[in-house]
Amino acid sequence: TRVFSRPRYSSVPSWTAVAGVIIIYRQDGKTFLERNFKDGSSMREEVVERPSPRGRRFEIRKPSSDDGAYYLINKDGNLQLRDKQGVINNSKKID
């Protein structure tokens, strides 16, 4: 899975989530995770990619809590929300 630049927005990998769609993209040298909700609202957070043997790990740069939550693109291309205790949520990649 590759993270694309924002100008190629239509080609950005995306995942279905309970509340909408999640995308990860790069803009101006920074990486962002954006959640687009079914009600039309959205939330964007800067993330930092960290090495992981499980896949591509993205941590929120300025987390609102210290629960250790992070996002992981696993080897199947699906996006997982995880924390210290394991998987919180799985989001399937949209092809």
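Before any of the text, the structure's been laid out above.
Computed from a predicted model, the values in this text were never measured in an experiment.

Among the nonpolar cores identified, the biggest contains nine residues, and these are Trp-15, Ile-22, Ile-24, Leu-33, Val-47, Phe-58, Tyr-71, Ile-73 and Leu-79. At the level of elements, strand S2 (20-27) and strand S6 (70-74) are the ones that each hand at least two residues to this core. Not counting the four nearest positions on each side in its chain, Val-47 is found in contact with Thr-31, Phe-32, Leu-33, Phe-58, Glu-59, Ile-60 and Arg-61.

A word on the sheet that holds strand S4 (residues 42-50). Spatial ordering of the open sheet is given by S8-S7-S6-S5-S4-S3-S2-S1-S9, a layout of nine strands whose pairing is antiparallel. Edge positions in the sheet fall to strand S8 (86-91) and strand S9 (93-94), since each of these pairs with one other strand and no more. With four bridges connecting them, S6 and strand S7 (residues 79-83) associate as antiparallel partners. Bridging from a neighbouring strand, Tyr-70 pairs with Arg-82 of S7.

The next subject is the side chain of Glu-45. By secondary structure assignment, the location of Glu-45 is in strand S4. At a separation of 2.3 Å, a polar atom in the side chain of Glu-45 contacts the side chain of Arg-35.

This next bit is on the side chain of Arg-82. Tracing the sequence through the fold places Arg-82 in strand S7. No salt bridge forms around the buried Arg-82; measuring N to O, its nearest opposite-charge neighbour Asp-83 is 7.4 Å away. For Arg-82, the side chain forms a polar contact with the side chain of Gln-80, separated by 2.9 Å. With sequence-adjacent residues up to four places away left out, Arg-82 is seen in contact with Arg-54, Gly-68, Ala-69, Tyr-70, Leu-72, Val-87 and Ile-88.

Here is what the cut-offs are and how they apply
- Residues numbered from 1 in each chain as written.
- Predicted model: local features only at pLDDT ≥ 70, side-chain atom pairs only at ≥ 80, totals over all residues.
- Heavy atoms only, no water.
- Core = buried A, V, L, I, M, F, W, Y, C linked by side-chain atoms within 4.5 Å.
- Buried < 20%, exposed > 50% of the residue type's maximum accessible area, 1.4 Å probe, protein only.
- Helix = DSSP H or I, 4+ residues; strand = E, 2+ residues; numbered from the N terminus.
- Contact = heavy atoms within 4.5 Å.
- Pairing = 2+ DSSP bridges.
- Polar contact = N/O pair within 3.5 Å; in protein donor to acceptor, adjacent residues only side chain to side chain.
- Lys, Arg positive; Asp, Glu negative; His and termini not counted.
- Salt bridge = Lys/Arg side-chain N within 4 Å of Asp/Glu carboxyl O.

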